Amino acid sequence: MEQGTAEPQPETRMWLPAQAASAEPYGARDHDGVPAAAAPCARPPRPRPRRHSVRGQVLDALRRALTAGELLPGEVYSAPVLAERYGVSATPVREAMQQLAGEGAVEVAPNRGFRVCERSSRDLAELSEVRTMLELPALLRLARAVPAERWEELRPLAEDGVAAAARGDRAGYAEADHAFHQALIALTGNRRLTQVTGDLLRRAQWSAGGGGRPRTADLLADASEHTALLDALIAQEYAVVERIARTHLSAARHRH
């Protein structure tokens, strides 16, 4: 903000993530978000992340915090404060935030930190429309080309989503949802398409942070569409595949 203006600056918020009290410590995930070996759950102090995966662990924690609503849209968060909370330097936090800025989750607030982006209903509608334009035709082509056993290989990912939804774990479901859609689109063999659709899904998920916590029933309804889609694909019921996929992608504009 330029000197001399009367506009008040937003207060920089200190974030105390809910996962600090969870049984899985921050350092228990590798760069790809895969759980590592279990660590003692005693707290505090929080175990210091291993150096080779600090940035990946910070990025994973921030993604979960955004999806879970621990980082609020419109608020500014200081990288040094987050770094102190995790017992790391500010550098990996800034690097993770820069990546999140590229994904549309946050924006740089000069000399203050990073502001969590806000999503309008129009933003969600446009994201849903673009996802439908890209994912639906790809899925319908795959439906006639991929054998049943390949679809069955996606079943554990769909079940992970159902399990997270049953727990009411919004962040866990977002990760499972992302993994399922990425694995599905990856069957096209088109890396660019997989990357673009994954980015669009992330951008839609970031909008979840500011809203009220969804009911477990809502998460389960969404997760059940993944299993129903696999059932239709395996049965080669192409009209059902299109109906489920279109409904699932269209509902994305409302579910957050």
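Up top is the structure.
Residues numbered from 1 in each chain as written. Predicted model: local features only at pLDDT ≥ 70, side-chain atom pairs only at ≥ 80, totals over all residues. Heavy atoms only, no water.

Caption draft 1: Spotlight on the pairing of strand 4 (residues 113-116). Examined bridge by bridge, strand 2 (residues 76-77) and strand 4 share 2 bridges and lie antiparallel to one another. Its bridge partner lying in strand 4, Y77 is registered against F114. Note that strand 3 (residues 106-109) and strand 4 share 4 bridges and pair antiparallel. Bridged to E107 within strand 4 is R115. Between strand 3 and strand 4, which pair antiparallel and follow one another directly, the connecting turn spans 3 residues, one of which, N111, has a positive phi of 65°. (Pairing = 2+ DSSP bridges. Helix = DSSP H or I, 4+ residues; strand = E, 2+ residues; numbered from the N terminus.)

Caption draft 2: Quick peek at the pattern of salt bridges. Taken as a whole and assessed by the stated rule, the structure comprises 13 salt bridges. When the shortest N-O distance is used, the salt bridge between R246 and E242 registers 2.9 Å. With R246 and E242 both in helix 10 (residues 238-251) and 4 residues apart, the pair spans about one turn of that helix. Counted as one network, the salt bridges with shared partners bring together R64, R167 and D169. (Salt bridge = Lys/Arg side-chain N within 4 Å of Asp/Glu carboxyl O.)

Caption draft 3: Broad picture of empty space enclosed by the protein. One pass over the full model with this rule turns up 1 cavity of 30 Å³ or more. Within this model, the largest cavity holds a volume of roughly 90 Å³. In terms of lining, the largest cavity is formed by E135, L136, L139, F180, H181, L184, L229, A245, H248 and L249. Looking at the lining of the largest cavity residue by residue, the classes come out as 7 nonpolar, 2 polar and 1 charged. (1 Å grid on protein atoms, 1.4 Å probe; cavity = no way out; pocket = protein on both sides within 12 Å on 5 of 7 lines; lining within 4 Å. Points joined across faces, edges and corners; volume = space filled by probe spheres on them. Nonpolar A, V, L, I, M, F, W, Y, C, P; charged D, E, K, R; others polar.)

Caption draft 4: Focus on the nonpolar core. With 24 residues, the main nonpolar core has L62, L66, L71, V93, M97, L100 and V106 as its most contacted residues. Where this core is concerned, the elements lending two or more residues are helix 1 (54-68), helix 2 (79-86), helix 3 (90-102) and strand 4. Looking at this core, the element that brings in the most residues is helix 1, giving 7 residues. Not counting residues within four places of it along the chain, the set of residues in contact with M97 comprises L62, L82, V106 and F114. (Core = buried A, V, L, I, M, F, W, Y, C linked by side-chain atoms within 4.5 Å. Buried < 20%, exposed > 50% of the residue type's maximum accessible area, 1.4 Å probe, protein only. Contact = heavy atoms within 4.5 Å.)

Caption draft 5: Fine view of helix 7 (residues 170-186). An ideal rise of 1.5 Å per residue puts 24 Å on 17 residues; helix 7 measures up with 24 Å between its terminal C-alpha atoms. Of all 17 residues in helix 7, 13 are buried, a share of seventy percent or more. Looking at where helix 7 begins, the residue whose side-chain oxygen comes 3.3 Å from the main-chain nitrogen of A171 is D169. (Expected span 1.5 Å × (residues − 1). Polar contact = N/O pair within 3.5 Å; in protein donor to acceptor, adjacent residues only side chain to side chain.)

Caption draft 6: Highlighting the packing of helix 1 against helix 7. At a minimum axis distance of 8 Å, the contact between helix 1 and helix 7 shows a crossing angle of 115°. By the angle between their directions, the pair helix 1 and helix 7 is classed as roughly perpendicular. Along this stretch, helix 1 crosses helix 7, giving a crossing that reads as right-handed. Contact residues: helix 1 offers R63, R64, T67 and A68, while helix 7 offers R170, A171, G172, A174 and E175. (Axes fitted to C-alpha atoms, helices over the stretch in contact; angles between N-to-C directions. Parallel < 35°, antiparallel > 145°, perpendicular 65-115°, else oblique. Left-handed = near helix turned anticlockwise from the far one by under 90°.)

Caption draft 7: Just the packing of aromatic side chains, in detail. Inspection of every chain in the model, using the stated rule, returns 0 aromatic pairs. One cation-aromatic arrangement involves R144 over Y238; the distance from NZ or CZ to the ring centre is 4.0 Å. (Phe/Tyr/Trp six-rings, centres within 6.5 Å; stacked < 30°, edge-to-face > 60°. Lys NZ or Arg CZ within 6 Å of the ring centre and 35° of its normal.)

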